[in-house]
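So the chains spell out like this:
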Amino acid sequence: MKKPTWVIDKERAKRAAAAETVWMFGLHAVRDALLNPARERLQLVVTKNAADKLGDAILKSGLQPEIVDPRKFDSYVPLSPDSVHQGAALEVKPLQWGSVEEVCLSGAGAPLVVLLDRVTDPHNVGAILRSAEVFGARAVIAPLRHSAPETGALAKTASGALERQPYLRVTNLSDAMVELRDMGFVLIGLDGAAEMTLGEKLATTGSRPVAIVLGAEGPGLREKTRETCDALVKIPFPGGFGSLNVSNAAAVALYAAVTRGA
């Protein structure tokens, strides 16, 4: 009997995920990954200077580093020429956080989640992960395709948050949103053209869990995502210049959500 297409696609995605590796770079990102017991580490390439600075983390990780000549560092690791690696690069497996239900229903942190609709810039996603950690969100959720995967650039921008802040990538964002609604979350989408403000909507949520939904800069939320939200809101701007980039909007929304009713 021939396997259904969806089964074949799921098996193919599982095999691809098993083979996927990520190169972290930079002293801060590499140190945090070395100290994360949940991170599967494969290969550490460092200069002598970087090895000295990372000595305690290398010792705790139990990983044997490969010390290389700083003049030939780029020939040992597949990093882009503009990567600010500081003489340290670590090959790892992507983190496995668990399912949406496992992380968002009873996970650590406040009953607060961020969903990203096709936000592909790793620097924006890294900054959002950092804000999510600061404000205690349980997860940042993005679609498996058309989103920013774990990369060295994302890890560096996240400044360590990638190792601690759950970042879930799901097959279908709308399905994940429906799942969150069934758990009791209020789905609030940010849209600059909305009539209601973020503060007005948050005032009606009481103590219910909140999911903030943000779209890519320019296109914004896709139609299906908009339809799945419980409400579309805007962040009001008293000044004449009325827009924020997605990472700044996420930080404002997270702050508003955690301080509602205060």
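Residues numbered from 1 in each chain as written. Predicted model: local features only at pLDDT ≥ 70, side-chain atom pairs only at ≥ 80, totals over all residues. Heavy atoms only, no water.

Brief notes about unusual backbone geometry
Of note in this structure, His-146 is not a glycine but carries a positive phi near 60°. Relative accessible area serves as the criterion here: at 43%, His-146 is assigned to the partly exposed category. The backbone phi angle of Ser-159 is positive, close to 55°, even though this residue is not glycine. Assignment of secondary structure puts Ser-159 in the loop between α7 (152-158) and β7 (167-170). (Buried < 20%, exposed > 50% of the residue type's maximum accessible area, 1.4 Å probe, protein only. Helix = DSSP H or I, 4+ residues; strand = E, 2+ residues; numbered from the N terminus.)

Focus: the packing of helix α6 (residues 122-134) against helix α11 (residues 246-258)
Helix-helix packing: each pair is described by the crossing angle between the helix axes and the interaxial distance. With their axes 8 Å apart at the nearest point, α6 and α11 run at an angle of 15° to one another. For the element pair α6 / α11, the angle class is roughly parallel. The element α6 and its partner α11 pack so that their crossing is right-handed. Across from Asn-124, Ala-127, Ile-128, Ser-131 and Ala-132 in α6, the residues of α11 making contact are Val-246, Ser-247, Ala-250, Ala-251 and Leu-254. Of the residues contributing to the contact of α6 with α11, the split by class is seven nonpolar, three polar and no charged. (Axes fitted to C-alpha atoms, helices over the stretch in contact; angles between N-to-C directions. Parallel < 35°, antiparallel > 145°, perpendicular 65-115°, else oblique. Left-handed = near helix turned anticlockwise from the far one by under 90°. Contact = heavy atoms within 4.5 Å. Nonpolar A, V, L, I, M, F, W, Y, C, P; charged D, E, K, R; others polar.)

Focus: the layout of surface pockets
When its volume is computed, the second largest pocket comes out at roughly 440 Å³. What lines the second largest pocket is a set of 22 residues, among which Leu-190, Asp-191, Gly-192, Leu-244 and Ala-249 lie closest to the centre. For the lining of the second largest pocket, the secondary structure elements donating two or more residues are β10 (210-215), β11 (231-234) and α11. Counted by class, the lining of the second largest pocket contains eleven nonpolar, seven polar and four charged residues. (1 Å grid on protein atoms, 1.4 Å probe; cavity = no way out; pocket = protein on both sides within 12 Å on 5 of 7 lines; lining within 4 Å. Points joined across faces, edges and corners; volume = space filled by probe spheres on them.)

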